[in-house]
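Chain residues, written in single-letter form:
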Amino acid sequence: MVHTVAVIGAGPSGLASVKACLDEGMVPTCFESSDDMGGLWKFKEVSEPNRASIYRSLTINIWKEMMCYSDFPIPADYPNYMHHSKILKYFRMYAEHFKLLKHIRFQTSVKSVRQRPDFSRTGQWEVVTENRDGQEETWVFDAVICCSGHFNYPNLPLKDFPGIETFEGKYFHSWDYKGPEDMYGKRVVVIGIGNSGGDIAVEGSRVAEQVYLSTRSGAWVIRQVSDNGLPVDRFNTRFVHVMFKLLPMRFLNWLGEKKLNSMYDHAMYGLKPKHRFFSQIPVINDDLPFKILSGSVIVKPNIKEIRGSSVVFDDGSVVENVDMIVFATGYNYDFPYLPNNVLYKSGHRVGLYKLVLPPNLEHPTLAIVGFIHSDGAIMPQAEMQARWVARVFKGHKKLPSNQAMIKAVEKDTRSIEKKYVVSKLTPIQVDFVEYMDELAKDLGARPSLPWLFFTDYPLFKRVFWGPVTAYQYRLMGPGKWEGARKAIFTQFDRMYQPLKTRQLDAQQPSTSGRLIKLSLTLVAGGAALYYVHIRNPTTFPALLSRLHLQTV
């Protein structure tokens, strides 16, 4: 049985993994190569090799209620979309509240993780670390959780840009970008229209003479400030998720694209991509459309070649006197401390059972947590992965055979490739709610909608109609938190709190508004019950029998 666990990395995934191990009675030791926690969210003025790096102005594009850990809400007075400094403060509060700091060894790098000679019998690992003084130390652990992230190794595809060696200006990867200081009065080309590329183009356009945003495939761009000024994440509800299961994807793509184009026509703005809306994670940027409309940012196709200070694009257009090129071209992923034979390859990705466990090991004592892309925040997903794998380590969750796990991995790979646009740089993409529910069901922590409907209807309404916040996965099962219900009931209070900076007279809701909401509730409830009945015909008879027995 697993007792000691090595956790590699003290970022958001590492912190959640340390806590999950403690909750299951294990003894974790977390190795962090830097001098502080936070991983990606620890800003440094100078980027450090083989470590994630962020820019000075970075603000997270996930609503605070959707990004926090499931048993530790973010303070009510914190803004809905937080600057990286606020996120780091939240991590500190989390670590201090759950007494995680004493389990972290800072300025200690992991050099190698190897199976012990008696691995077939014990499942143990030998971990070699190096401290800041260069001294190596060898440890033995019953299990290892890798939380070293996937934004550490910049992808700089210079060979794809003929003539780059002739460029007379400065070029660098977005990993090195800290702020727009060097862009004053310059002509700048940003390559790549992901979230970093969009942010850098917008910020640079405020000081540069001109910014050009080059994109090979385009992107759907959504706003953080959605209808009625609410965070766009607020609409990621179980009702919406049910509709996704009942309605054709072609219709949903049409509906989503129509909604986006009603705000700004993506074709007219030069943004329209080749893929459909729900086939890839969209770019989240409120400012980019206005910058395009005002001419501060000009969207261009892919670069064909570079000639000195001139950049030639695929459509034959040429931009001259370019001073700077920023490559926002993504990241490669690697686990340099792991031997190649422990990782199973499946398509473009590292094949992991439940996106956590290598399926080919004799003992399931190695896990990778936080190595995932989705339409939600990494924090609650990594936490759910950590809770699940901690139960596996303790023997509370029995796994299928290696052959069955490999088969499941290959099935997942085919499903991901069919549903999403994936590549070597973005090999994994999942639906946030679907993935969280899948792990929670395995864990025994997925909220039961029929049970809540009959036993706690006010809570059912908030779970079904409200955003799928991580608190929902603390209502029942292992790791149940008594504060989960209150956290769900007060999540909108925490949304409004930082906006209450000017007191106004309260307006009373209208009767017609109440009737419309009631009607929609009944329709949605009926749709949910129908969906559950179709998927699991035995659910309601079993539930009614259970209620009858309790009544008797």
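Each remark here, short or long, concerns the structure printed above.
Residues numbered from 1 in each chain as written. Predicted model: local features only at pLDDT ≥ 70, side-chain atom pairs only at ≥ 80, totals over all residues. Heavy atoms only, no water.

A. Local environment of the overall build of the protein chain. Summing up its helical and strand segments, the protein chain has 17 helices and 22 strands in all. By the compact-globule yardstick of 24 Å for 552 residues, the protein chain fits well, its C-alpha radius of gyration being 25 Å. Across its three principal axes, the protein chain shows a C-alpha extent of roughly 85 × 70 × 45 Å. Within the protein chain, the fraction of its 552 residues that count as buried is 52%. Sequence-distant contacts, at least 24 apart, represent 69% of the contacts inside the protein chain between residues at least 6 apart. (Helix = DSSP H or I, 4+ residues; strand = E, 2+ residues; numbered from the N terminus. Rg over C-alpha atoms; globule rule 2.2 N^0.38 Å. Buried < 20%, exposed > 50% of the residue type's maximum accessible area, 1.4 Å probe, protein only. Contact = heavy atoms within 4.5 Å.)

B. Structural detail: the packing of aromatic side chains. Per the counting criterion, the structure on display carries 33 aromatic pairs. With a centroid separation of 6.1 Å and 70 degrees between ring planes, the pair formed by F239 and F464 is classed as edge-to-face. Separated by 225 residues along the polypeptide, F239 in helix α6 (residues 238-246) and F464 in helix α13 (residues 457-465) bring together distant segments of the chain. When its relative accessible area of 22% is taken as the criterion, F239 is described as partly exposed. (Phe/Tyr/Trp six-rings, centres within 6.5 Å; stacked < 30°, edge-to-face > 60°.)

C. Summary view of the side chain of S279. Assignment of secondary structure puts S279 in the loop between α7 (249-263) and β13 (283-284). Owing to a relative accessible area of 15%, S279 belongs among the buried residues under this scheme. S279 has contacts with K419, Y420, V421 and Q429, leaving out every residue within four places of it along the chain.

D. Region of the structure containing the sheet that holds strand β5 (residues 125-131). Pairing is antiparallel across the open sheet formed by three strands, whose spatial order is β4-β5-β6. The strands lining the two open edges of the sheet, one partner per strand, are β4 (108-115) and β6 (136-141). Taken pair by pair, the neighbouring strands of this sheet meet at an average axis angle of 25 degrees, ignoring direction. (Pairing = 2+ DSSP bridges. Axes fitted to C-alpha atoms, helices over the stretch in contact; angles between N-to-C directions.)

E. Geometry of the sheet that holds strand β1 (residues 4-8). A sheet is described by the order of its strands in space; here five strands give the open sequence β3-β2-β1-β7-β22, paired in parallel fashion. In this open sheet, the two strands that pair with only one neighbour each are β3 (104-105) and β22 (366-368). Where strand β7 (residues 143-146) and β22 come together, three bridges link them in parallel fashion. Directly across from C146, in β22, lies its bridge partner I368. Lying on the sheet, helix α9 (residues 378-393) is in contact with β1, β7 and β22; it crosses β7 at an angle near 170 degrees.

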